[in-house]
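# Structural features, examined
Listed here are the chains, written in short residue letters.
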Amino acid sequence: MASDHSHSSPANLALTPVPQGDRVFHFHEHAALWFSLGTGLLVMQIGAYLVPAVGTQDALIAIVLGSLIGAGLLAWTARLGCQTGLASAGLMHATYGSAFARLPVLLNIAQLVGWTTFELVIMQEGTVAILKQALGSEPGGLLDGTGGKLLATLLWGGVLIALMAGSMLKLVRKFVSRFGLPLVIASLAWLTWQFGTRLQAQGFDAFWNRPGAGGMGLFSAMDLVMAMPVSWLPLVADYARHGKRAATTLGGTWLGYALANIWCYALGVLVVSTVEPGTNLVGALLLAQGGLIALGLILLDEMDNAYGDAHSGAVSVHSLQPRWSIKRAGLAFAAVCTVLALFLPIHAIEPFLLLLSSVFVPLYGVILGRLGSGAVVPSVTARTVDWSAAAVWVAGIACYHLLKQYAPDLGSALPTLAFTFALAALSRPRNAGGLTPARA
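Described in the following lines is the structure provided in the data block. (Residues numbered from 1 in each chain as written. Predicted model: local features only at pLDDT ≥ 70, side-chain atom pairs only at ≥ 80, totals over all residues. Heavy atoms only, no water.)

Counting residues in hydrophobic clusters, the biggest one holds 115 residues, and the most contacted among them are Trp34, Leu41, Met44, Leu50, Leu160, Leu285 and Ile367. Other than its neighbours up to four places away in sequence, Ile367 contacts Leu80, Leu91, Met92, Thr95, Tyr96 and Gly372. Ala314, Val315, Ile326 and Ala329 belong to the second-largest nonpolar core, a separate cluster that totals six residues. (Core = buried A, V, L, I, M, F, W, Y, C linked by side-chain atoms within 4.5 Å. Buried < 20%, exposed > 50% of the residue type's maximum accessible area, 1.4 Å probe, protein only. Contact = heavy atoms within 4.5 Å.)

Pasting the structure below:
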């Protein structure tokens, strides 16, 4: 039974290491989780943006290298989360100081509201397209206009709210790794076979030797590929902190996400290269034999992405308001995002979401520079503000946008990460005491 003191001052679970009893994820559970989170219609859609700007061979190089590097950064951060047992908000507090860290935590909550809402809209649009294909649609019918959007959004929003009421650990261990992973692999394999066969009939040599039309260099293409794994950096520790060992956490996260990112980006390139120009990605998938079932399975897997965003959003809310349990915050978070998915012009604010995500590239360059080398992790309440870390982060944001504006061919993500990592490591306090890593 909790004492009166603990009742009046509830524990902040995001800012304290996770108990040993909750460290239950093995290699295969990390790999299954991050393969599932790395798979989605949004990833395929962004992969389709590579064509025709870059040639096929350059697109493949960008996909493989960008995925390996981006997933590697994700895995490095996951290792740090496992070592310390801290949530993402805890890592921000330990790096930037307890007062200043509220700013990046609030920015993370804002982007997670946006991405969760975006995932619900994607599922809603896919569901309406599937139902129209399966049932047919008459002008003015239920599936036209706002009726289909309302029903599909409430359906997926209700599923998300129900999932938030359960246990994240049980969801990952009992559903994602045992049932969800085989189904999504089967759907990706089927779609790859279908569009690969179509490509072979159209002529593989012409596809393989297709030059780029211009407008995007190799490093810019790598930036686009890295956009998805980098977008998960503010979330990964919320799950990695439940890993049993740092080595298996790193390996499982890296392998699972890299494979999913490579596959989905490449599938997006494959699909857009075999259909008529201007064809909608969802419509193209539905045209494939068995595409209805495959797309339905991918939509089910898309719920993992929405859940992943919502759970981490709840952990971040809890870090600021410990009186709100993670479950309670998660239920409110899911309900708010469901309402926003009904009314928010989400496609119009996608550029804003991508702009907001850009602040997390230098943010995690600083965190990895300060904490990622195995150094002792400062207590999350030891300092009010670490001004040197904050200054490097601001400089990194400026670097990112200056590169994007004046040297787009160099890319923005990798140079900014290198710049902030080096400055953060060089300016790291030498006598920082406090929390030691939980596990090597």
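There's more to say after this.
All right, on to the pattern of salt bridges then. Pairs may arise between side chains of opposite charge once their charged atoms sit close together. Within this structure, the stated rule accounts for one salt bridge. In this structure, the salt-bridge partner of Arg370 is Asp386, at a minimum N-O distance of 2.9 Å. One end of the pair, Arg370, is in helix H17 (residues 360-371); the other, Asp386, is in the loop between strand S1 (377-378) and helix H18 (387-406), and 16 residues separate them in sequence. The exposure classification of Arg370 matches that of Asp386, with both residues buried. (Salt bridge = Lys/Arg side-chain N within 4 Å of Asp/Glu carboxyl O. Helix = DSSP H or I, 4+ residues; strand = E, 2+ residues; numbered from the N terminus.)

Right, let's get into the packing of aromatic side chains. Enumeration over the complete set of coordinates arrives at 11 aromatic pairs. Ring centres of Phe204 and Phe207 lie 6.0 Å apart, and the angle between their planes is 55°; on these two criteria the pair is classed as tilted. Of this pair, Phe204 and Phe207 both sit in helix H9 (residues 204-208), three residues apart, which is roughly one turn of that helix. Since its relative accessible area comes to 36%, Phe204 is described here as partly exposed. (Phe/Tyr/Trp six-rings, centres within 6.5 Å; stacked < 30°, edge-to-face > 60°.)

The geometry of helix H4 (residues 56-84) relative to helix H10 (residues 218-231) is characterised by a closest axis approach of 8 Å and an angle of 40° between their N-to-C directions. When the interaxial angle is binned, H4 and H10 end up oblique. When you trace H4 past H10, the crossing you get is right-handed. Together, Asp58, Ile61, Ala62, Ile63, Leu65, Gly66, Ser67, Ile69, Gly70, Ala71, Leu73 and Leu74 of H4 and Leu218, Ala221, Met222, Val225, Met226 and Pro229 of H10 make up the contact between the two elements. (Axes fitted to C-alpha atoms, helices over the stretch in contact; angles between N-to-C directions. Parallel < 35°, antiparallel > 145°, perpendicular 65-115°, else oblique. Left-handed = near helix turned anticlockwise from the far one by under 90°.)

Right, let's talk about helix H2 (residues 27-38) for a bit. Taking 1.5 Å per residue, 12 residues should reach 16 Å; H2 reaches 16 Å between its end C-alpha atoms and fits that length. Among the 12 residues in H2, 10 count as buried, and that is most of the element. All of the buried residues along H2 are Glu29, His30, Ala31, Ala32, Leu33, Trp34, Phe35, Ser36, Leu37 and Gly38. Buried residues in H2 make contact with helix H3 (41-48), H4, helix H8 (168-202), helix H11 (237-240), helix H12 (246-274) and helix H14 (291-320). (Expected span 1.5 Å × (residues − 1).)

Nothing here speaks to function; it is geometry throughout.
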